[in-house]
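Summary of the model geometry
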Amino acid sequence: MKFFSLFFLILLAGVPAQAADAPAWSLVIHGGAGTILRENLDAETEAAYRAKLSEAMDAGAAILADGGSSLDAVEATIRVMEDSPLFNAGKGAVFTEAGANEMDSSIMDGRDLNAGAVAGIKTVRNPISAARAVMEKSPHVMMAREGAEKFAAAQGLVMEDPAYFRTERRWQGYLKAKEKRDADPDRKHGTVGCVAVDQAGNIAAGTSTGGMTLKMWGRIGDSPVIGAGTYANNKTCGVSATGHGEYFIRNVVAYDISALMEYAGLSLQEAAEKVVLGKLVAQQATGGIVALDAEGNIAMVFNTPGMYRGFRESNGEGQVAIFGE
Ligand code: ASP
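Residues numbered from 1 in each chain as written. Predicted model: local features only at pLDDT ≥ 70, side-chain atom pairs only at ≥ 80, totals over all residues. Heavy atoms only, no water.

Attention now moves to the overall build of the protein chain. Looking only at helices and strands, the protein chain features nine helices and 12 strands. On C-alpha atoms alone, the protein chain measures out to a radius of gyration of 19 Å, which is about the 20 Å that the 2.2 N^0.38 rule sets for 325 residues. Based on the C-alpha atoms only, the size of the protein chain along its principal axes is roughly 75 × 45 × 35 Å. The buried share of the protein chain, taken over its 325 residues, is 54%. Sequence separation of at least 24 residues holds for 70% of the intrachain contacts in the protein chain that already meet a minimum separation of 6. In the structure as shown, the protein chain presents an accessible area of about 13,800 Å², 55% of it carried by carbon and sulfur atoms. Averaging the coordinates of the 30 positive side-chain charges in the protein chain and doing the same for the 39 negative ones gives two points 5 Å apart. (Helix = DSSP H or I, 4+ residues; strand = E, 2+ residues; numbered from the N terminus. Rg over C-alpha atoms; globule rule 2.2 N^0.38 Å. Buried < 20%, exposed > 50% of the residue type's maximum accessible area, 1.4 Å probe, protein only. Contact = heavy atoms within 4.5 Å. Areas by Shrake-Rupley, 256 points an atom, 1.4 Å probe, with all protein chains shown as cover. Lys, Arg positive; Asp, Glu negative; His and termini not counted. Charge placed at Lys NZ, Arg CZ, Asp CG, Glu CD.)

With that settled, consider the packing of aromatic side chains. Throughout the structure, instances matching the rule amount to eight aromatic pairs. Centroid distance tyrosine 49 to phenylalanine 87: 5.5 Å. Interplanar angle 80°. Geometry classified as edge-to-face. Of this pair, tyrosine 49 sits in helix H2 (residues 43-65) while phenylalanine 87 sits in the loop between helix H3 (70-83) and strand E2 (103-109), placing them 38 residues apart in sequence. There is no split in this pair, since tyrosine 49 and phenylalanine 87 are both buried. A relative accessible area of 2% means that tyrosine 49 is categorised as buried. By way of ring pairs, the aromatic residues Tyr49, Phe87 and Tyr308 are connected into one cluster. Above the plane of the ring of tyrosine 164 lies lysine 91, whose end atom (NZ or CZ) is 4.7 Å from the centre. Sitting above the plane of the tyrosine 247 ring, arginine 250 keeps its charged end 4.9 Å from the centroid. (Phe/Tyr/Trp six-rings, centres within 6.5 Å; stacked < 30°, edge-to-face > 60°. Lys NZ or Arg CZ within 6 Å of the ring centre and 35° of its normal.)

Before going further, it helps to spend a moment on the sheet that holds strand E7 (residues 230-232). The strands that make up a sheet are held in pairs by hydrogen bonds between backbone atoms, and each pair lies either parallel or antiparallel. Taken together, four strands build an open sheet; the order of strands is E7-E8-E9-E10 and the sheet is antiparallel. Edge strands, defined here as strands with exactly one partner in the open sheet, are E7 and strand E10 (298-302). Between one strand axis and the next, the sheet turns by 10° as a mean value, whatever way the strands run. Inspection of the sheet shows strand E8 (residues 237-243) paired to strand E9 (residues 287-293) by seven bridges, in the antiparallel sense. Paired with cysteine 237 across the two strands is aspartate 293, which belongs to E9. Strands E7, E8 and E9 of the sheet are contacted by helix H8 (residues 253-264), whose axis makes an angle of about 145° with E8. Against the sheet, helix H9 (residues 268-282) contacts E8, E9 and E10, and its axis sits at roughly 15° relative to E10. (Pairing = 2+ DSSP bridges. Axes fitted to C-alpha atoms, helices over the stretch in contact; angles between N-to-C directions.)

As a further point, take the site of the ligand. Taken together, 13 residues lie near the ligand, and Thr191, Arg219, Asp222, Thr242 and Gly243 sit nearest. In this structure, aspartate 222 approaches the ligand through a side-chain N or O atom, which is 2.6 Å from a nitrogen atom. Taking glycine 245, its main chain carries an N or O atom lying 3.0 Å from an oxygen atom of the ligand. Compared with its free state, where it exposes 270 Å², the ligand has 100% of that area covered by protein. Along the lines of polarity and charge, the residues of the shell around the ligand split into one nonpolar, 10 polar and two charged. (Near = heavy atom within 4 Å. Polar contact = N/O pair within 3.5 Å; in protein donor to acceptor, adjacent residues only side chain to side chain. Nonpolar A, V, L, I, M, F, W, Y, C, P; charged D, E, K, R; others polar.)

Structurally, glutamate 82 is set in helix H3. Buried charged residue glutamate 82 carries no salt bridge. Nearest counter-charge: arginine 79, at 6.0 Å. Beyond its immediate chain neighbours, meaning those up to four positions away, glutamate 82 contacts Ala89, Gly90, Lys91, Ser105, Arg125, Asn126, Pro127, Ile128 and Ser208. (Salt bridge = Lys/Arg side-chain N within 4 Å of Asp/Glu carboxyl O.)

Let's shift gears to H8. For H8, spanning 12 residues, the distance from its first C-alpha to its last is 15 Å, which sits close to the expected 16 Å at 1.5 Å a residue. Listing the buried residues of H8 in full gives Val253, Ala254, Asp256, Ile257, Ser258, Ala259, Leu260 and Met261. Looking at the packing, one finds that the buried side of H8 touches E7, E8, helix H7 (245-250), H9 and E9. (Expected span 1.5 Å × (residues − 1).)

Its place among the elements puts serine 105 in strand E2. Taking C-alpha positions, serine 105 is 25 Å from glutamate 262, a pair spaced 157 residues apart along the chain. In this structure serine 105 touches Glu82, Gly116, Ala117, Val118, Pro127, Ile128, Ala131, Thr207, Ser208, Ser223 and Pro224, once residues within four positions along its chain are discounted. Polar contacts involving the side chain of serine 105 include one to the main-chain amide nitrogen of isoleucine 128, which spans 3.5 Å. At a separation of 2.8 Å, a polar atom in the side chain of serine 105 contacts the main-chain carbonyl oxygen of threonine 207.

That's the geometry; what it means functionally is another story.
Structure representation (structure tokens):
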């Protein structure tokens, strides 16, 4: 009897779908999907990726364990990966056709669907923080190029000379891509992303990227497009994507996963698989997503040989992985 009245009360109060056995908080990240094969990754490089993925999650997990917000956790986690030359985001971004580093990023708050994004920026050290500033300090959702940079500088964000983002490895990748006249000869997407749910049950998601090698001047990918590369809604899930951005925009990938949960009643895993392994594969679109819902379910789905990824939960569960099963 007691159980039933409690159940009824919970229903009345409209408590979010935080199941009784759901972890108090969880966090999931990616560092890009693509042709990442064990035989092509030497032990030292593999260890470096694993260590950096763990370090990034440490930053977010500490905030969540302390009762902090998922937004703070997502921003802190992504900043670690942006500062690392290993990933195609912030320092280590890939080069455009014209030989520049132009970055895109977005962040979304699942509580109220508030969102912020920046596109085509060249001088903000941490694009994810610029996206968050747009969300919280401007009346807009997306700002681009010099306007976004001026705004970020006015907010006190750390600015860098464009040369800061250059790494020799990406430069060599650019030269190789140019020679082969193939924007992505290695089929690797190094975008970074994070989705978190905090102890209050609020979901946030963020994504940050240098885009695709050899992208044309002014090309914007899916990462800063809300609904394509990033989406968060407490009612359904949070999603961050990586892959061939044009397809992710056309298929509104992140929102589609949320919509399949909301309107078709699919579970997080079912929705993610339907989009990434169904729709995208049918279009030969490569990439993957990480996602979680308020019940603590985590999905890491990709249609490429590998995806840098990991998750952490308050109950001590966690993983860092790179290759497919
Ligand atoms: N999705 C990104 C873009 O198209 C690239 C990536 O994920 O690596 O800009």
